[in-house]
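Results of the structural survey
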Amino acid sequence: MKLVVVSAGLSVPSSTRLLADRLAAATGRYTSVDVQVVELRDLAVEIAHNFTSGFPGRALSAALEAVTEADGLIVVTPVFSASYSGLFKSFFDVLDQDALTGKPVLIAATGGSARHSLVLEHALRPLFAYLRAVVVPTAVYAASEDWGAEGLADRIDRAAGELGRLMGGLGSGAGAVRRAEVADTAGAADKADASVVVDTDTAAAIAPRSLDGALASADRFTVIPFEQQLAALRP
C-alpha cells in the first residue's frame, strides 16, 4: 500500500519532518507500505502560482496526484499563530475537494510550547473532517520539550498502529474509492427494484427482498409493487 507523508516544515533540519519520518517508520511496523514524502517547502512557489493561474506546475501536480492516489496519509504541520501554517492550508486548498474522501489520515503537529497542542483538535481535525477523510483517533503533538522525553514514542506508536490497521481495513486509495462509488450505484439500483413482501397469513410486512426472491416463494408471499404502496398512502 502507498503511504504519503505531507510535511510542512520550513527549516533544515526540521522537527516537523523528523516527526513525520518517525510516524511513517512506526506505521511500517504495522502494515507493509511504500512511503513517499511531499515536502511543501519545495512547492511553495508553485502553490502560490496555482492560486493566481489556476494551473499546477509539474512538481505540484505530481504531489497532488500522489496524495490523491495514496492509500493513507500522514500530515504534519508546524504551529503558526495557534493554527496550522499558511503553506499547509494552501496545499490542501488547491487539492481537489473529493481527493481525500474516505482516506485514512493521521494528523500531527510540532510547536515550541505544549500549550499549542489543542491545534490538533480545533484546527486540523475539523479541516480533514470537512474534506471527508477518515482521521485516526490518536493525533500526535510534539513540543520542544517532548523530544527525548517519555510519552512521545508511545503516542507515535499508538497513532501509527491505528493508521496501519485502518489502511489495511479500508484500502481507501483512489481505486478503492471508485470501486465503492460503483458499488453504491449498483446498490441504489437494487434498492430501486426492491419491493416490500407481505405475509398473506398475518398481513405483516417483513424485511425487503429482491423481486426474484419473492417470486420464488410465491406460494406464501404476495409482492406489492412500490408504486402501489405509495398510492395507498396518498390521501
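Here's a quick rundown of the structure. (Residues numbered from 1 in each chain as written. Predicted model: local features only at pLDDT ≥ 70, side-chain atom pairs only at ≥ 80, totals over all residues. Heavy atoms only, no water.)

1. Comments concerning the overall build of the protein
Looking only at helices and strands, the protein has 9 helices and 10 strands in total. Going through the 235 residues of the protein one by one, you find that 42% of them count as buried. Within the protein, residue pairs in contact and separated by at least 24 positions form 75% of the contacts whose partners lie at least 6 positions apart. (Helix = DSSP H or I, 4+ residues; strand = E, 2+ residues; numbered from the N terminus. Buried < 20%, exposed > 50% of the residue type's maximum accessible area, 1.4 Å probe, protein only. Contact = heavy atoms within 4.5 Å.)

2. Structural notes on the nonpolar core
In terms of nonpolar packing, the biggest core is built from 40 residues, with Phe88, Phe91, Phe92 and Phe128 touching the most fellow members. Elements supplying a minimum of two residues to this core: strand 1 (2-7), helix 3 (58-69), strand 3 (72-80), helix 4 (86-94), strand 5 (104-111), helix 5 (119-130) and strand 7 (140-143). Broken down by element, this core gets its largest block of residues, 6 residues, from helix 5. Leu3, Val5, Leu106 and Ile156 belong to the second-largest nonpolar core, a separate cluster that totals 21 residues. (Core = buried A, V, L, I, M, F, W, Y, C linked by side-chain atoms within 4.5 Å.)

3. Thoughts on the pattern of salt bridges
Between side chains of opposite charge, pairing is possible as soon as their charged atoms come close. Within this structure, the stated rule accounts for 9 salt bridges. Note that Arg17 and Asp21 form a salt bridge whose closest N and O atoms lie 2.8 Å from each other. Taken together, the positions of Arg17 and Asp21, both in helix 1 (residues 15-27) and 4 residues apart, correspond to about one turn of that helix. On the basis of relative accessible area, Asp21 is assigned to the partly exposed category, the value being 34%. In this structure, the salt-bridge partner of Asp157 is Arg29, at a minimum N-O distance of 3.8 Å. You can see Asp157 sitting in helix 6 (residues 152-170) and its partner Arg29 sitting in the loop between helix 1 and strand 2 (34-39), a full 128 residues away along the chain. (Salt bridge = Lys/Arg side-chain N within 4 Å of Asp/Glu carboxyl O.)

4. Here's the deal with the side chain of Thr27
Here Thr27 shows up in helix 1. Relative accessible area serves as the criterion here: at 0%, Thr27 is assigned to the buried category. In this structure, Thr27 is in contact with Leu3, Ile74, Ala160, Leu163 and Gly164, ignoring residues within four places of it in sequence.

5. Examining helix 4
For helix 4, every residue scored as buried is listed here: Leu87, Phe88, Ser90, Phe91, Phe92 and Val94. The elements touched by buried residues of helix 4 are strand 1, helix 2 (44-53), helix 3, strand 3, strand 4 (83-84) and helix 5.

6. Notes on the packing of helix 2 against helix 3
Relative orientation of the contacting elements helix 2 and helix 3 amounts to 90°, with a least axis distance of 8 Å. Our classification of the angle between helix 2 and helix 3 gives roughly perpendicular. Between helix 2, through Glu46, Ile47 and Asn50, and helix 3, the contact on the second element is made entirely by Arg58, Ala59 and Leu60. Residues that form the contact of helix 2 with helix 3 fall into these classes: 3 nonpolar, 1 polar and 2 charged. (Axes fitted to C-alpha atoms, helices over the stretch in contact; angles between N-to-C directions. Parallel < 35°, antiparallel > 145°, perpendicular 65-115°, else oblique. Nonpolar A, V, L, I, M, F, W, Y, C, P; charged D, E, K, R; others polar.)

7. A look at the side chain of Arg125
For Arg125, the position within the fold is in helix 5. A polar contact of 3.2 Å, which involves the side chain of Arg125, links it to the backbone oxygen of Val136. Those residues within four positions of Arg125 in sequence are excluded, and the remaining contacts are Ile107, Leu120, Val135, Val136, Pro137 and Ala139. (Polar contact = N/O pair within 3.5 Å; in protein donor to acceptor, adjacent residues only side chain to side chain.)

8. Some points on unusual backbone geometry
Where the residue is not glycine, phi is negative for most of them; where a peptide bond is considered, it is trans in most cases. Pro13 follows Val12 through a cis peptide bond whose omega is -5°. Within the element layout of this structure, Pro13 appears in the loop between strand 1 and helix 1. Even without being a glycine, Ser81 presents a positive backbone phi close to 50°. Inspection of the secondary structure puts Ser81 in the loop between strand 3 and strand 4.

9. So, the pairing of strand 2
For strand 1 and strand 2, the ladder comprises 6 bridges, and the chain directions are parallel. Looking at the pairing, Val6 lines up with Val38 of strand 2. For the crossover that starts at strand 1, traverses helix 1 and ends in the parallel strand 2, the hand is right-handed. (Pairing = 2+ DSSP bridges. Right-handed = clockwise from strand over helix to strand, strands pointing away.)

10. Some remarks on the packing of aromatic side chains
Any aromatic ring pair is given by two values, namely how distant the centres are and how the planes are angled relative to each other. Applying the stated criterion across every chain yields a total of 5 aromatic pairs. Centroid distance Phe91 to Phe92: 5.2 Å. Interplanar angle 85°. Geometry classified as edge-to-face. A residue is classified by how much of its surface remains accessible, and Phe91, at 0% relative accessible area, is buried. With a relative accessible area of 4%, Phe92 lands in the buried category. With centroids separated by 5.0 Å and ring planes inclined at 80°, the aromatic side chains of Phe92 and Phe128 adopt a geometry described as edge-to-face. With Phe92 in helix 4 and Phe128 in helix 5, this residue pair connects regions lying 36 residues apart in the sequence. For Phe128, a relative accessible area of 0% corresponds to the buried category. These aromatic residues form a ring-pair network of at least three members: Tyr84, Phe88, Phe91, Phe92 and Phe128. (Phe/Tyr/Trp six-rings, centres within 6.5 Å; stacked < 30°, edge-to-face > 60°.)

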